[in-house]
Amino acid sequence: MAKIYQFPSSNQIVSSDEEISLDEWVFEHSNADEMRSIFLNMDRALKYIHDHGYCIEVFYPSEIEVLNNEDDYIQFNQLMELPSDFVDRKKYIQEDIFNSSLVQIGMYSNSLKYLTPTFLKENFDSFTQFLPEGDVPYYRGVVQRGASVYFCEYSLEKRNRDLENLAKEVGETSSDKSGGGITPLKEDITNERINSIIYKQLSGKKDAAFIYALVIPSVLLMLLFLCGLFSWVISLIFT
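Caption draft 1: Up close: the overall build of the chain. The helix and strand inventory of the chain stands at eight helices and six strands. In the chain, the succession of helices and strands from N to C terminus is β-β-α-α-β-β-β-β-α-α-α-α-α-α. Among the 239 residues that make up the chain, the fraction classed as buried is 39%. Contacts spanning at least 24 positions in sequence make up 67% of the contacts within the chain whose residues lie at least 6 apart.

Caption draft 2: Spatial organisation of helix α6 (residues 151-169). In this model, α6 (19 residues) spans 27 Å end to end at C-alpha, consistent with the 27 Å of a helix rising 1.5 Å per residue. By the burial criterion, the buried members of α6 are Phe151, Cys152, Tyr154, Ser155, Leu156, Asn160 and Ala167. Buried-residue contacts for α6 involve α2 (32-51), α3 (86-108) and α5 (136-145). At the C-terminal side of α6, Gly171 shows a positive phi close to 85°.

Caption draft 3: Main features of the nonpolar core. Of all hydrophobic cores here, the largest spans 54 residues; its most connected members are Phe76 and Tyr199. Of all the elements, α2 adds the most residues to this core, at nine residues.

Caption draft 4: Examining the confidence of the model for the chain more closely. Per-residue pLDDT for the chain averages 84, and the proportion of residues at 70 or more is 74%. With pLDDT under 50 throughout, residues 207-215 is counted as low confidence; its partners more than four residues away or in other chains account for one contact.

Caption draft 5: Fine view of the packing of α3 against α5. Two elements in contact, α3 and α5, have axes whose closest approach is 9 Å; the angle formed by their N-to-C orientations is 125°. On the basis of the axis angle, α3 is oblique to α5. The hand of the α3/α5 crossing is left-handed. Along its contact with α3, which presents Ile97, Phe98, Ser101, Gln104, Ile105 and Tyr108, the element α5 presents Tyr138, Tyr139, Val142 and Val143. Looking at side-chain class alone, the contact of α3 with α5 contains eight nonpolar, two polar and no charged residues.

Thresholds, definitions, all that
- Residues numbered from 1 in each chain as written.
- Predicted model: local features only at pLDDT ≥ 70, side-chain atom pairs only at ≥ 80, totals over all residues.
- Heavy atoms only, no water.
- Helix = DSSP H or I, 4+ residues; strand = E, 2+ residues; numbered from the N terminus.
- Buried < 20%, exposed > 50% of the residue type's maximum accessible area, 1.4 Å probe, protein only.
- Contact = heavy atoms within 4.5 Å.
- Expected span 1.5 Å × (residues − 1).
- Core = buried A, V, L, I, M, F, W, Y, C linked by side-chain atoms within 4.5 Å.
- pLDDT = per-residue confidence, 0-100.
- Axes fitted to C-alpha atoms, helices over the stretch in contact; angles between N-to-C directions.
- Parallel < 35°, antiparallel > 145°, perpendicular 65-115°, else oblique.
- Left-handed = near helix turned anticlockwise from the far one by under 90°.
- Nonpolar A, V, L, I, M, F, W, Y, C, P; charged D, E, K, R; others polar.

Here it is as structure tokens:
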């Protein structure tokens with residue numbers, strides 16, 4: 001059975017009056033640009049968690065917190081260890097990505113309380129009017145086609161494509177006279193600097209597992225060597 005990890009209601013990097021639930025934050029920041037920004041950062045935290053072997057046990061907005069009143073400090077409070085089986089692991093990650101999209105669409109449309117996965121899949125077109133136009137293909141892919149693509153990855157790829165198309169419109173080629181060409185945008189997809197602090201327990205677990213994986217084989221090899229050496233010494237004594 002997968003292990004459950006619950007973060008405390010407060011985090012060491014914030015004080016009690018500097019944390020707010022996701023639903024409360026969205027209620028106070030209903031601007032479309034602000035909402036899109038926090039959803040991108042929520043997705044970066046999600047990818048960071050997946051990369052460290054965990055997934056989300058409870059996806060309710062009340063169990064997702066914005067720390068320091070900054071939209072890039074996102075803490076999922078209830079996590080669950082990903083299964084070791086590759087197929088099951090992929091399924092859990094896909095479910096998290098779907099649930100994240102459902103929460104985002106529900107908040108954009110102010111219908112999260114009543115929204116179910118089945119209803120969203122069957123009536124997706126009715127929700128597109130509430131979504132940022134450029135993000136509709138992403139949500140459609142996740143909701144109706146089961147795509148396992150992170151929103152932050154989609155957003156970065158879209159920005160690079162838009163940059164390339166803009167360069168073509170102004171007559172810029174893929175390689176300018178200086179040989180520099182059009183440089184794709186890059187960013188820290190998982191918001192490593194911040195998420196490594198918020199989820200430092202997960203980083204510690206991963207490091208411990210890595211050390212354990214290195215130490216155990218080394219100990220076994222040493223034991224085999226000592227056994228071999230002991231056998232050789234015994235053979236010399238009784239020869």
